Amino acid sequence: MSPTDSLVARTIDRLLADCCTPEALERAEVEGWCAPVWDRLVTADFTHISLPEESGGSGGSLGDAADVLKALGRYAASVPFAETALLGGWLLARADLTLPGGPITVVPELLRLQANRIAGRTRLAWGARAQAIVAIVDTTDGLIVALIDPSDVTMEPGSNLAGEARETVGFDVALTGARHAAPVGVDIGSLQRRGALSRVLLMAGAAEAMSDLTVRYTHERHQFGQPIARFQAVQQHLVTVAQCAAKLSVAADLAVRALERGPAELEIAAAKVIADEVAVVGTRAAHQAHGAMGMTREYPLHRLSRALWSWRHEYGHARSWSRRLGDLAFAAGADGLFPLVTGS
Amino acid sequence: MHFEATELTDGERALQREVRAFLAAELGEATVQPGLGFNSAKDPAFSRRLAARGWVGMALPRAYGGHDRSAVDRFVVVEELLRWGAPIGHHWVADRQIGPQIARYGTEAQKQRFLPDICGGELSFSIGMSEPDSGSDLASLVTKATPADGGWTISGTKVWTTGAHVHDWIVVLCRTTPREEVTDRRSGLSQMLVDLKAPGVRARPIPFIDGTADFCEVVFDETFVPDDQVLGEVGAGWTQNASELVYERGGPDRFLSTYLVVEQFLRECSSETVTDAARETIGHALAQYWVLHALSLSLARAIDDGRLPTTEAALVKELGTRFEQDVVNSILSLIDFEPDLTASGLFERLLVTATLTAPSFTIRGGTNEVLRSIVAKGLRPQVEPR
């Protein structure tokens, strides 16, 4: 927390500090989500933050939603907030569809309408908890945003490495639920960018917490008669983790600002590339600094590292985002490259 | 440890456009070849033309020929100069750190004597810190100054000093109180402004790894330095030196040294030959340039906000210098020819120089090992455990 933090940031941090007890987080591993956190988000009217009130949202800015995601990342709290607010809720609000109460999930790929039916198999975040599944569907009349009733799909349970519910969902349903044409700016590309940004923000929070935790542990842990943070070899790891946290924090904040202005293609792609690097380089250094302690479930590092390893895989890995950045660079050409770096 | 994300304002972007237009015109017809980072060519005439635009000594006081501009404005100008490989070698050190040091610690007479010429792009400076037996452990230096009539007499040897054979002045960190008379070895050191053409100063180039001759050994053989060339307080040289490192460390020169290699690679690529490996490699580099620019800009903004982000600057330099090395290897992995030492084409020539000089990036201006120690000292546990 820094003095410049917003009211939302301070509120969510207090809320999570209160309900993210070790027991609650442990139970979340069994249940696939952290129910107490979700309940508190509902009570605080945070679940639909950044969505306009006229669509049934809670109002607030994208920056507010970003603050919530970073805080959830710091605690590695497992709830479908990104799916409900930033992704599925955003699709519904943009398409003038009513927001259902309760958690929402979203199909992260483009579906196609064939013979008035949509069929597919995909991995969904918290599919079993969702009151509604939102998808972008390609039809002969253009893209539409459609709701799929969760009771019409088959679900195979699954879990990401962090113990968050990730069901494999099969469906072959007629398009009977609410639907509406997707407005300009709403397509699978913009959904995937928002999805990637949501993971970047969660990971920025996790990286920050990982850096704090590693600094604290290495100052408390004594070996050879002194805190291990005094050893230069250990200091190298501390610096690596701090660099990861700094890079990702700045990248995430800039990507949010860019998305407030436009598509943010470069910023989100770059931030996701950095997030993936942090998941590899940062966790390696943090674990090395923690020694065997970090390998136990009794100590909280595993929550952060497992979350980072999971989220890096969602909404495209570094290689695919690097390619997109490469395309931007080659399209800009030699003289256009530096303007991409500086944003002007 | 805190980095606040920040972006350029409209006014700063206007300055950026102005600098780009100037450099496009200047360098389009330049006879001097673009170089790498601040190891680029020395061109006093270019430095004067840049100064005429108000882009040397930007953040120095107007009263001494400066322009009272912000750290971010200077960042914008410097970033463009580095990106174009402009010949900034003549005024670089004076602009980056000697000017600010004199403005902060110099006497009124010193400010009037040196700052207008620094801001005019006229004066060039070297930095006399390392010695044959004192590199990272700078406080162990043995170059000594002994009191003399009206000043001091310096004796000793400085090494790995860039440009001392051609520059005008050197700021020498030397011992003015013998080591055995101080309890803290970092006290008793002083900074002195020494004319490189003064009697008793000998600068000899030490051939650099790429065959260039800009790296020097400087011998002071009972060189007389008048009292009015002592910078700041006698005995406070260590603190004075350290306080300015934030300007030296977190700037765009710490991640853009090899940028031009990447840009020229792009220029050489025809769109038909762009492989997936090239897309990924360049895309990955773009992500890193983007975030390093953001981190470095954040430091400049912090300075303008009245903070002194010393730890953060060390963190960024450690990160940026490793990247500017790594990106050379990334480009090397994409080419299908063996770089030739005698190449004259711009891309290949820059690539050769970058490959040969890259190891210096993580050494000059504080080794990465020293930087990591500095950062680690700034990483303290938060009072309130989470």
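Computed from a predicted structure; not experimentally measured.

Draft legend 1. Structural detail: the overall build of chain A. Per the secondary structure count, chain A includes ten helices and ten strands. Taken against the 2.2 N^0.38 rule, which gives 20 Å for 344 residues, the C-alpha radius of gyration of chain A at 20 Å falls within 12% of a compact globule. Principal-axis analysis of the C-alpha atoms gives chain A an extent of 75 × 55 × 35 Å. Burial statistics for chain A: of 344 residues in total, 54% are counted as buried. Within chain A, residue pairs in contact and separated by at least 24 positions form 71% of the contacts whose partners lie at least 6 positions apart.

Draft legend 2. Focus on the domain arrangement of chain B. Residues and elements named next belong to chain B. Domain annotation of chain B identifies domain 1 (10–123), domain 2 (127–235) and domain 3 (244–378). Taken together, the contact pairs ten residues of domain 1 with nine residues of domain 2. With five residues, helix H4 (residues 92–105) is the single largest residue contributor to the side of domain 1 that touches domain 2. Classifying every residue of the side of domain 1 that touches domain 2 gives six nonpolar, three polar and one charged.

Draft legend 3. How the structure looks around the interface of chain A and chain B. Listed per partner, the contact involves 43 residues of chain A and 44 residues of chain B. For the side of chain A that touches chain B, the elements supplying multiple residues, two or more each, are helix H6 (188–220), helix H7 (232–261), helix H8 (265–290) and helix H10 (318–342) of chain A. Grouping the amino acids of the side of chain A that touches chain B by side-chain chemistry returns 20 nonpolar, 14 polar and nine charged.

Draft legend 4. View of the packing of H7 of chain A against helix H10 (residues 310–332) of chain B. With their axes 11 Å apart at the nearest point, H7 of chain A and H10 of chain B run at an angle of 90° to one another. Regarding the angle of H7 of chain A to H10 of chain B, the classification is roughly perpendicular. Residues Val239, Ala242, Gln243 and Ala246 of chain A of H7 of chain A lie in contact with H10 of chain B, whose contacting residues are Leu315, Glu318 and Leu319 of chain B. Here the residues of the contact of H7 of chain A with H10 of chain B sort into five nonpolar, one polar and one charged.

Draft legend 5. Inspection of the domain arrangement of chain A at higher detail. Residue and element names in this part refer to chain A. Per the domain assignment, the segments of chain A are domain 1 (7–181) and domain 2 (188–342). Averaged C-alpha coordinates put domain 1 and domain 2 at centres separated by 23 Å. Secondary structure elements with two or more residues in the side of domain 1 that touches domain 2: helix H4 (62–75) and helix H5 (81–94). The element that contributes the greatest number of residues to the side of domain 1 that touches domain 2 is H4, accounting for nine residues. Looking at the side of domain 1 that touches domain 2 residue by residue, the classes come out as 17 nonpolar, three polar and four charged.

Draft legend 6. Structural context of helix H2 (residues 44–52) of chain B. Residues and elements named next belong to chain B. Restricting attention to buried positions, one finds in H2 the residues Phe46, Ser47, Leu50 and Ala51. For H2, the angular spread of buried residues about the axis comes to 140°, placing them on one side. Exposed side of H2, more than 90 degrees from the buried face: Ala45 and Ala52 are the residues found there.

Draft legend 7. Summary view of the pairing of strand E3 (residues 151–162) of chain B. Residues and elements named next belong to chain B. Where strand E2 (residues 144–148) and E3 come together, five bridges link them in antiparallel fashion. Bridge assignment links Pro147 to a residue of E3, and that residue is Trp152. Hairpin connection from E2 to E3: two residues lie between these consecutive antiparallel strands, with Gly150 at a positive phi of about 80°. Pairing analysis gives ten bridges linking E3 to strand E7 (residues 215–226), with the strands arranged antiparallel. Bridge pairing in E7 links Trp152 to Val225.

Draft legend 8. Here's a closer look at the pairing of E7 of chain B. By the bridge criterion, five bridges tie strand E6 (residues 201–205) of chain B to E7 of chain B in an arrangement that is antiparallel. If you follow Ala203 of chain B over to E7 of chain B, its bridge partner there is Val218 of chain B.

Draft legend 9. Seen up close, the nonpolar core. Core analysis: the largest hydrophobic core is formed by 229 residues, its most contacted members being Met203, Leu248, Ala251, Ala255 and Ala270 of chain A together with Met192 of chain B. With 17 residues, the single largest contributor to this core is H7 of chain A. Leaving out residues up to four positions away in the same chain, Leu248 of chain A has contacts with Met203, Ala204, Ala207, Ile274, Ala275 and Val278 of chain A.

Draft legend 10. Summary view of the environment of Thr6 of chain B. Residues and elements named next belong to chain B. With respect to the helices and strands, Thr6 occurs in the segment before helix H1 (10–28). Owing to 20 C-beta atoms within 10 Å, Thr6 belongs among the buried residues under this scheme. Distance from Thr6 to Asp253, taken between C-alpha atoms, is 19 Å for residues 247 residues apart in sequence. Contacts of Thr6, omitting those with residues within four sequence positions, involve Leu297, Ser298 and Arg301.

Draft legend 11. Representation of unusual backbone geometry within the structure. Residues and elements named next belong to chain A. A positive phi angle, close to 60°, is found at Asp45, a residue other than glycine. Within the secondary structure, Asp45 sits in the loop between helix H3 (35–43) and H4. C-beta crowding within 10 Å serves as the criterion here: with 12 such atoms nearby, Asp45 is assigned to the exposed category. A positive phi is found at Trp126, a non-glycine position, where the angle reads about 50°. By the element assignment, Trp126 lies in the loop between strand E3 (117–125) and strand E4 (132–139). By the C-beta count within 10 Å, which is 22 here, Trp126 ends up buried.

Draft legend 12. Broad picture of the environment of Gly59 of chain A. Residues and elements named next belong to chain A. Mapped onto the elements, Gly59 comes out in the loop between H3 and H4. When the C-alpha positions of Gly59 and Ala71 are compared, they lie 19 Å apart, and in sequence the two are twelve residues distant. Excluding residues within four positions of it along the chain, Gly59 makes contact with Pro52 and Glu53.

Draft legend 13. Broad picture of the packing of H7 of chain A against helix H12 (residues 368–378) of chain B. At a closest axis distance of 9 Å, the pairing of H7 of chain A and H12 of chain B adopts a crossing angle of 75°. The pairing of H7 of chain A with H12 of chain B is recorded here as roughly perpendicular in orientation. Across the interface between the two elements, Gln232, Gln235, Gln236, Leu238, Val239 and Ala242 of chain A of H7 of chain A pack against Arg372, Ser373, Val375 and Ala376 of chain B of H12 of chain B. In terms of residue class, the contact of H7 of chain A with H12 of chain B is built from five nonpolar, four polar and one charged.

The rules behind the values
- Residues numbered from 1 in each chain as written.
- Chains lettered and ligands numbered in written order.
- Predicted model: local features only at pLDDT ≥ 70, side-chain atom pairs only at ≥ 80, totals over all residues.
- Helix = DSSP H or I, 4+ residues; strand = E, 2+ residues; numbered from the N terminus.
- Rg over C-alpha atoms; globule rule 2.2 N^0.38 Å.
- Buried ≥ 20, exposed ≤ 12 C-beta atoms within 10 Å, placed from the backbone.
- Contact = placed C-beta atoms within 7 Å.
- Domains from an automatic or database assignment.
- Nonpolar A, V, L, I, M, F, W, Y, C, P; charged D, E, K, R; others polar.
- Axes fitted to C-alpha atoms, helices over the stretch in contact; angles between N-to-C directions.
- Parallel < 35°, antiparallel > 145°, perpendicular 65-115°, else oblique.
- Arc of directions from axis to C-beta.
- Pairing = 2+ DSSP bridges.
- Core = buried A, V, L, I, M, F, W, Y, C linked by C-beta atoms within 7 Å.

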